[in-house]
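# Analysis of the macromolecular model
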Amino acid sequence: MHRIVSLLPAATEIAAALGLMEQVVGVSHECNFPNEANARPRVTHCPVHNAGLTSHQVDAWVRSALRENGTIYAINESLLHKLRPDVILTQKLCDVCAVGYGTVAKLAQTLPGPPQVVNLEPSSLSDIFDDIRRVAKVCDVHERADKVIAQLSDRIEAVRSRANRVVHRPLCLLMEWIDPPFCSGHWAPELVEIAGGYDPLGRKHQPSAQIDWQEVLDARPDIIVLALCGYDIDRARRDYEILRRFPNFDSLPAAHSGDVYVVDAIAYVARPGPRIVDSAEILAGILHPREFPEFTSRGPDDPRVVRVG
């Protein structure tokens, strides 16, 4: 048995998929799935989490905090000492997504043991599967990883093969932020491809980046998907109202056809854990609703994806 502290929501979901939740003794302030995670002590804090700021204010605060402090998170060091972890799951991928690896590694050296610090740093779908293997190896449940990955891979290949039968591959712009605009990055453009589309501005296997609105106008996407980092459906809906006021938004094919969607990016697309496969299925339902009717939005109260255009 290991005492696991997860500082990353995706890592908590990976631990759960591997049957390790009973060994998870602490989580980050953003870990909310599965439900058992909400009963664990939270060892991190972010001042703007649920602070009611606008997207522009959040962006400005994050840039300032990273410039001045190098991080936007605080760790409860005394709680971490009390939890006595054997394993800490963290990441190097993004300073905005979770506590930085360097901070965690330095702190870990002050803890009894010291605990093993496991870095998860995916930039592709295969990297996410490798992270599942990495956590399983550290926690001595190798065979569980093989089973989990086989099931997830089968679902991905089912989407890919069905999408490949569709001739038309729409231009699907997946946005990770609205104010200012950010394109998609890392695994997200790959998910769009698997689902049978092409993201004209996506940075496949690279970090997301701020883009000029004119680039969106020039790309003329057929579909726009708002998978806004850290935002659920309701919060993303509010930012859609900002998007609608951008110059010449109505000239876009996606606006003409009403093919603008918001996704719960807290759960899907932006979280590189087992539900990344659900994300591919959701995108398939958006891009090719006739081919994938079981994955389409179930209406304005669908907790996964809602058409807002």
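Scroll up to find the structure.
Being a predicted model, the structure only gives us computed values, none of them experimental.

Criteria and cut-off values
Residues numbered from 1 in each chain as written. Predicted model: local features only at pLDDT ≥ 70, side-chain atom pairs only at ≥ 80, totals over all residues. Heavy atoms only, no water. Helix = DSSP H or I, 4+ residues; strand = E, 2+ residues; numbered from the N terminus. Buried < 20%, exposed > 50% of the residue type's maximum accessible area, 1.4 Å probe, protein only. Pairing = 2+ DSSP bridges. Axes fitted to C-alpha atoms, helices over the stretch in contact; angles between N-to-C directions. Contact = heavy atoms within 4.5 Å. Salt bridge = Lys/Arg side-chain N within 4 Å of Asp/Glu carboxyl O.

### Digging into the environment of Leu18
Mapped onto the elements, Leu18 comes out in the loop between helix H1 (9-17) and strand S2 (24-27). Under the relative-accessibility criterion, Leu18 is labelled buried at 1%.

### A look at the sheet that holds strand S1 (residues 4-6)
Taken together, four strands build an open sheet; the order of strands is S2-S1-S5-S6 and the sheet is parallel. Every other strand in the sheet has two partners, leaving S2 and strand S6 (116-120) as the edge strands with one partner each. The average undirected angle you get between the axes of adjacent strands in this sheet is 25°. Where S1 lies against S2, three bridges are found, and the strand directions are parallel. Of the residues in S2, the one forming a bridge with Ile4 is Val24. Sheet strands touched by helix H5 (residues 125-138): strand S5 (87-91) and S6. Its angle to S6, the strand with the most contacts, is close to 170°.

### Focus: the pattern of salt bridges
Enumeration over the complete set of coordinates arrives at 17 salt bridges. A salt bridge links Glu281 to Arg155; its shortest N-O distance comes to 3.0 Å. With Glu281 in helix H11 (residues 276-287) and Arg155 in helix H6 (residues 142-163), this residue pair connects regions lying 126 residues apart in the sequence. Its relative accessible area of 30% is what places Arg155 among the partly exposed residues. Residue Glu157 is joined to Arg160 by a salt bridge in which the shortest nitrogen-to-oxygen separation is 3.2 Å. Taken as a pair, Glu157 and Arg160 lie in helix H6 at a separation of three residues, close to a single helical turn.

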